[in-house]
Amino acid sequence: MEIERKFLIQKLPDDLSSYECLFLEQAYLCTDPVIRIRRQNNDYYMTYKGKGLMTREEYNLPLNEQAYRHLLPKADGTIISKKRYLIPIEKPVFAEGFSVPLQPLNLKIELDIFDPPLSPLVIAEVEFPDEEMANAFLPPSWLMEDVTNDPRYHNSSISMAGRS
């Protein structure tokens, strides 16, 4: 199960280069249901995603490079290429009344900076262990508009933007 919230940002963090960065390339074989192939650095996956906005099923299957390259030309829409910065949230803030678990949360912002032709798009995502925590989360001030419930900000929708 994937439980995540998505945000647009006000500005990039000044210390962006100090965080771990992944290089991602992904494409969609189908968008209903969502079937995605992804290269993440030197790892390859096929992913099935169920319906939903903040919460949905997600299953990842490993691929090898040869299988990924074979499937890539079969994809619909734009192949998405982006850098993903992993930014730990040291002291997450939650709405009043939310009981913060005692164990470390290890929440992080996954900041996606899209390459052309999708730049200057930048989206931040935060994944949560449960819906209650996701709903209670108060984002840091540099995260701006919450676009979790706007399907236009799903990567599968972004890859199809511009198609008739």
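See the structure above.
Residues numbered from 1 in each chain as written. Predicted model: local features only at pLDDT ≥ 70, side-chain atom pairs only at ≥ 80, totals over all residues. Heavy atoms only, no water.

(A) Geometry of the overall build of the chain. When you go through the chain residue by residue, the secondary structure sums to three helices and 12 strands. Over its C-alpha trace the chain gives a radius of gyration of 16 Å, about what one expects of a compact globule, namely 15 Å for 164 residues. Expressed along its principal axes, the backbone C-alpha trace of the chain runs to roughly 50 × 35 × 30 Å. Look at the contacts in the chain between residues 6 or more apart in sequence, and 66% of them connect residues 24 or more apart. Total accessible area on the chain is roughly 9300 Å²; 51% of this is exposed by carbon and sulfur atoms. For the chain, the distance from the average position of its 18 positive side-chain charges to the average position of its 25 negative side-chain charges is 6 Å. (Helix = DSSP H or I, 4+ residues; strand = E, 2+ residues; numbered from the N terminus. Rg over C-alpha atoms; globule rule 2.2 N^0.38 Å. Contact = heavy atoms within 4.5 Å. Areas by Shrake-Rupley, 256 points an atom, 1.4 Å probe, with all protein chains shown as cover. Lys, Arg positive; Asp, Glu negative; His and termini not counted. Charge placed at Lys NZ, Arg CZ, Asp CG, Glu CD.)

(B) How the structure looks around the pattern of salt bridges. What the rule picks out here adds up to 16 salt bridges. Between Arg84 and Glu125 there is a salt bridge; the shortest N-O distance is 3.7 Å. Taken together, the residues span a long stretch of sequence, with Arg84 in strand E7 (residues 76-88) and Glu125 in strand E10 (residues 122-127) at a distance of 41 residues. A residue is classified by how much of its surface remains accessible, and Glu125, at 4% relative accessible area, is buried. Each of Glu4, Lys6, Lys82, Arg84, Glu110, Asp112 and Glu125 takes part in salt bridges that share partners, so that together they form one network. (Salt bridge = Lys/Arg side-chain N within 4 Å of Asp/Glu carboxyl O. Buried < 20%, exposed > 50% of the residue type's maximum accessible area, 1.4 Å probe, protein only.)

(C) Geometry of the layout of surface pockets. Here the largest pocket defines a volume of roughly 280 Å³. If you go around the largest pocket, you meet 22 residues; those closest to its centre are Glu2, Arg36, Arg38, Lys49 and Glu58. Those elements that provide at least two residues to the lining of the largest pocket are strand E1 (2-9), strand E2 (20-31), strand E3 (34-40), strand E4 (43-49), strand E6 (58-63), E10 and helix H3 (155-160). Per-element accounting of the lining of the largest pocket gives the leading share, four residues, to E3. Counted by class, the lining of the largest pocket contains three nonpolar, seven polar and 12 charged residues. Here the second largest pocket is characterised by a volume of approximately 230 Å³. (1 Å grid on protein atoms, 1.4 Å probe; cavity = no way out; pocket = protein on both sides within 12 Å on 5 of 7 lines; lining within 4 Å. Points joined across faces, edges and corners; volume = space filled by probe spheres on them. Nonpolar A, V, L, I, M, F, W, Y, C, P; charged D, E, K, R; others polar.)

(D) Examining the nonpolar core more closely. With 23 residues, the main nonpolar core has Ile109, Leu111 and Phe128 as its most contacted residues. Among the secondary structure elements, those contributing two or more residues to this core are E1, E7, strand E9 (108-114), E10 and helix H2 (131-136). Those residues within four positions of Phe128 in sequence are excluded, and the remaining contacts are Ile3, Glu4, Arg5, Leu107, Met133, Ala134 and Phe137. Among the nonpolar cores identified, the runner-up in size contains 11 residues, and Tyr28, Ile80, Leu118 and Ile158 belong to it. (Core = buried A, V, L, I, M, F, W, Y, C linked by side-chain atoms within 4.5 Å.)

(E) Seen up close, the environment of Met46. Mapped onto the elements of the fold, Met46 is located in strand E4. Here Met46 falls in the partly exposed class, since its relative accessible area comes to 22%. When the C-alpha atoms of Met46 and Met1 are compared, they prove to be 16 Å apart, with 45 residues separating the residues in sequence. Excluding residues within four positions of it along the chain, Met46 makes contact with Leu29, Ile35, Arg36, Ile37, Tyr59, Asn60, Leu61, Leu63 and Leu71.

(F) Broad picture of the packing of aromatic side chains. For the coordinates displayed, the defined rule picks out six aromatic pairs. Each ring, one from Tyr48 and one from Tyr59, has its centre 6.1 Å from the other, and the planes form 25°; the classification is stacked. You can see Tyr48 sitting in strand E4 and its partner Tyr59 sitting in strand E6, a full 11 residues away along the chain. Judged by relative accessible area, Tyr48 falls into the partly exposed class, the value being 31%. Both rings, one in Phe94 and one in Phe137, keep their centres 6.2 Å apart while their planes meet at 65°; by these two values the pair is edge-to-face. Taken together, the positions of Phe94 in strand E8 (residues 93-94) and Phe137 in strand E11 (residues 137-138) put the pair 43 residues apart, joining distant regions of the chain. The exposure class of Phe137 is buried, given its relative accessible area of 2%. What links up through ring pairs into an aromatic cluster is the set Phe7, Phe94, Phe98, Phe128 and Phe137. (Phe/Tyr/Trp six-rings, centres within 6.5 Å; stacked < 30°, edge-to-face > 60°.)

Coordinates in, geometry out; function isn't part of it.
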